[in-house]
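Report on the structure
The lines below spell out each chain.
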Amino acid sequence: GVSDLTGSFRLYRKSMLEDLVKKVVSKGYVFQMEIIVRCRRAGLSVAEVPITFVDRVYGSSKLGGAEIVGYLKGLLWLFATM
């Protein structure tokens, strides 16, 4: 199963991914979640390899209010339409 919707490595069969990507309408972080939802709906299994984030040493995050609002809108769209 999947425990982290946006922060892990995943492997897809090329033929399955090509078919799924044609149907995806989301962008950004929601894109990854939509792929997982579509895989589950199609009866495909999804496995993940977790990744570890380390504290930032240089620079600053580019994640701002607009990205958070877009993420929430996309998440609501997924729940409403899938």
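This is a predicted model, so every value here is computed, not measured. (Residues numbered from 1 in each chain as written. Predicted model: local features only at pLDDT ≥ 70, side-chain atom pairs only at ≥ 80, totals over all residues. Heavy atoms only, no water.)

From N to C terminus, the protein includes 3 helices and 2 strands. When the helices and strands of the protein are read in sequence order from the N terminus, they spell out β-α-α-β-α. On the principal axes, the C-alpha backbone points of the protein span a range of 40 × 30 × 20 Å. Across the protein, the fraction of contacts at a sequence separation of at least 24, relative to all contacts at a separation of at least 6, is 71%. About 6500 Å² of surface is accessible on the protein, with carbon and sulfur atoms providing 60% of the total. Both charge centroids of the protein, one from 12 positive and one from 7 negative side chains, sit 6 Å from each other. (Helix = DSSP H or I, 4+ residues; strand = E, 2+ residues; numbered from the N terminus. Contact = heavy atoms within 4.5 Å. Areas by Shrake-Rupley, 256 points an atom, 1.4 Å probe, with all protein chains shown as cover. Lys, Arg positive; Asp, Glu negative; His and termini not counted. Charge placed at Lys NZ, Arg CZ, Asp CG, Glu CD.)

We now examine the nonpolar core. Listed in full, the 5 residues of the largest apolar core are Leu20, Val24, Ile35, Cys39 and Val46. Those residues within four positions of isoleucine 35 in sequence are excluded, and the remaining contacts are Tyr12, Leu17, Leu20, Val21 and Val24. (Core = buried A, V, L, I, M, F, W, Y, C linked by side-chain atoms within 4.5 Å. Buried < 20%, exposed > 50% of the residue type's maximum accessible area, 1.4 Å probe, protein only.)

This next bit is on the pattern of salt bridges. Within this structure, the stated rule accounts for 2 salt bridges. Arginine 38 serves as the salt-bridge partner of glutamate 34, at 2.8 Å between the closest nitrogen and oxygen. Of this pair, glutamate 34 and arginine 38 both sit in helix H2 (residues 29-41), 4 residues apart, roughly one helical turn. (Salt bridge = Lys/Arg side-chain N within 4 Å of Asp/Glu carboxyl O.)

So, on to the confidence of the model for the protein. Here the protein averages 82 in pLDDT, and 91% of its residues register 70 or above. Taken element by element, the predicted model of the protein shows its lowest mean pLDDT in strand E1 (residues 8-9) (76) and its highest in helix H1 (residues 14-23) (87). (pLDDT = per-residue confidence, 0-100.)

Attention shifts here to the packing of H1 against H2. Axis separation between H1 and H2 bottoms out at 10 Å; the angle between their running directions is 115 degrees. For the element pair H1 and H2, the recorded crossing hand is right-handed. Where H1 abuts H2, its residues Leu17, Leu20, Val21 and Lys23 lie against Glu34, Ile35, Arg38 and Cys39. Its residues assigned to classes, the contact of H1 with H2 comprises 5 nonpolar, no polar and 3 charged. (Axes fitted to C-alpha atoms, helices over the stretch in contact; angles between N-to-C directions. Left-handed = near helix turned anticlockwise from the far one by under 90°. Nonpolar A, V, L, I, M, F, W, Y, C, P; charged D, E, K, R; others polar.)

Before going further, it helps to spend a moment on a nonpolar patch on the surface. A contiguous nonpolar surface patch, about 440 Å² in accessible area, is contributed by Phe9, Val49, Ile51 and Phe53. Here valine 49 shows up in strand E2 (residues 49-50). (Patch = residues over 30% accessible without salt bridge, like charges linked within 9 Å, V, L, I, M, F, W, Y side chains within 5 Å.)

Looking at the secondary structure, you find leucine 78 in helix H3 (residues 65-81). The spatial distance from the C-alpha of leucine 78 to the C-alpha of serine 26 is 8.8 Å, given a sequence separation of 52 residues. Sequence-distant contacts of leucine 78, that is, excluding residues within four places in its chain, are made with Val30, Met33 and Glu34.

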